Amino acid sequence: MSNSRVVIDRRFDDLIEKIGISTIEALKKSDLPEDLFTRPIPSLTAIEYIRFMEALKELSIDECAPIKIGTLESIETFSPPVFAAYCSKNALTCMKRIATYKKLTGPLVFLINENRDYITLEIVFENEEHEIPEFLTALEMVFLVQLMRNATKTHIIPIELMTKHKIDHDDYEKFFGVRPKIGPRNVLTISKQDALCPFISQNDAMWEYFEPELRRRLNELDVDDTYAARVRSALTELLPAGEGSIDNVSSKLGCSKRTLQRKLNEENTTFQKQLNHTRELLARHYLKNSGMLSDEIAYLLGYQDLNSFVRAFHMWTGMTISEYKRQ
């Protein structure tokens, strides 16, 4: 994918619809294609992204709409990179994980600094020529604070919140517990104690599951925009939900089953080969990095019964599951 475009999360439209903003209306207002969020990898230029965010601000009935979005129930599960960060052991680790994979969900960069007493997280645009819109700045700040509160079950209050925009509305002060101030940068500062407060949501097994795919996606942004890669990425999300069929995948990628088969054929592969490849990679990973039982893994990989998984694993590796574990 060209470096001049940025990825936007496909489920972002769900979030804005939930607070009463029409996605179609926002796309029209910002002169963007109405099918943007049904594309395999929705992407925008920096200018288009800014236009879209400005349209959301204009269409918001509530001037504090970012608070509504950022505090939606289960907001942390809306995208794999965010959910993976939610599984961290504390806010500091969470911030670092989001910073690493932020490119998968938009054009922002997170710069983290820590000292003995506090942690600062600065939000900047990937392209320094552009300013981060007010709507996006507020949304990111609200989201980060709410994520930390949800994960620790503690009402964390930032030491300081500075933005380039004037978001010192009473509702923002009530939410953050501190009045946002205007400054030369967009910076969230929290105490070291809060940054190291344990996440109740810590789940190392889930992180081990997500990390390989997140790294793969990050690499694919630059080097692998093939349909095979898209299919593997989709399968990693769909298989645990029991939705690993070609119909499920083609629907997720926003194309017909026939188009998907044709594209894979052009790359000298098939859907079944990619399904088997993804299952094998995940199976090896689960067996080496988690304590899950074989029948649990079989279920996560979309097999109807354990015997089918056992036979497939032997075919891939030439070993039984027990032999592989003993390696």
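Residues numbered from 1 in each chain as written. Predicted model: local features only at pLDDT ≥ 70, side-chain atom pairs only at ≥ 80, totals over all residues. Heavy atoms only, no water.

**Describing the overall build of the protein chain**
- Counting its secondary structure elements, the protein chain contains 17 helices and 7 strands.
- Relative to the 2.2 N^0.38 estimate, which gives 20 Å for 327 residues, the radius of gyration of the protein chain is 21 Å and therefore close to what a compact globule would have.
- Counting only C-alpha atoms, the protein chain reaches 60 × 45 × 30 Å along its principal axes.
- When burial is assessed residue by residue, the protein chain has 53% of its 327 residues classed as buried.
- The contacts of the protein chain with a sequence gap of at least 6 include a subset with a gap of at least 24, amounting to 64%.
- Element-wise, carbon and sulfur atoms account for 48% of the exposed surface of the protein chain, whose accessible area totals about 15,800 Å².
- Treating the 42 positive side-chain charges of the protein chain as one cloud and the 48 negative ones as another, the clouds have centres 4 Å apart. (Helix = DSSP H or I, 4+ residues; strand = E, 2+ residues; numbered from the N terminus. Rg over C-alpha atoms; globule rule 2.2 N^0.38 Å. Buried < 20%, exposed > 50% of the residue type's maximum accessible area, 1.4 Å probe, protein only. Contact = heavy atoms within 4.5 Å. Areas by Shrake-Rupley, 256 points an atom, 1.4 Å probe, with all protein chains shown as cover. Lys, Arg positive; Asp, Glu negative; His and termini not counted. Charge placed at Lys NZ, Arg CZ, Asp CG, Glu CD.)

**A closer look at the pairing of strand 7 (residues 187–191)**
- Burial analysis of strand 7 places 5 of its 5 residues in the buried class, which makes it a mostly covered element.
- Of the two faces of strand 7, the one carrying Val187, Thr189 and Ser191 and the one carrying Leu188 and Ile190 are both buried.
- Pairing between strand 4 (residues 118–125) and strand 7: 5 bridges, direction antiparallel. Residue pairing in the sheet places leucine 121 in a bridge with leucine 188 of strand 7.
- Alignment of strand 5 (residues 160–163) against strand 7, held across 3 bridges, turns out to be antiparallel. (Pairing = 2+ DSSP bridges.)

**Here we look at the confidence of the model for the protein chain**
- Chain-level statistics for the protein chain give a pLDDT mean of 87 and a share of 96% at 70 or above.
- Strand 7 holds the highest mean pLDDT among the elements of the protein chain, 97, whereas strand 1 (residues 5–7) holds the lowest, 74. (pLDDT = per-residue confidence, 0-100.)

**With respect to the pairing of strand 5**
- Here 2 bridges tie strand 5 to strand 6 (residues 181–182), and the two strands are oriented parallel to one another. Each bridged residue has a counterpart across the sheet, and for threonine 163 the counterpart in strand 6 is isoleucine 182.
- After leaving strand 5, the chain enters helix 8 (residues 170–176) and then returns to the sheet as strand 6, a path that is right-handed. (Right-handed = clockwise from strand over helix to strand, strands pointing away.)

**Quick word on helix 14 (residues 271–289)**
- The terminal C-alpha atoms of helix 14 lie 27 Å apart, and with 19 residues this matches the ideal 27 Å at 1.5 Å per residue to within 8%.
- Listing the buried residues of helix 14 in full gives Phe271, Gln274, Leu275, Thr278, Arg279, Glu280, Leu282, Ala283, His285, Tyr286 and Leu287. (Expected span 1.5 Å × (residues − 1).)

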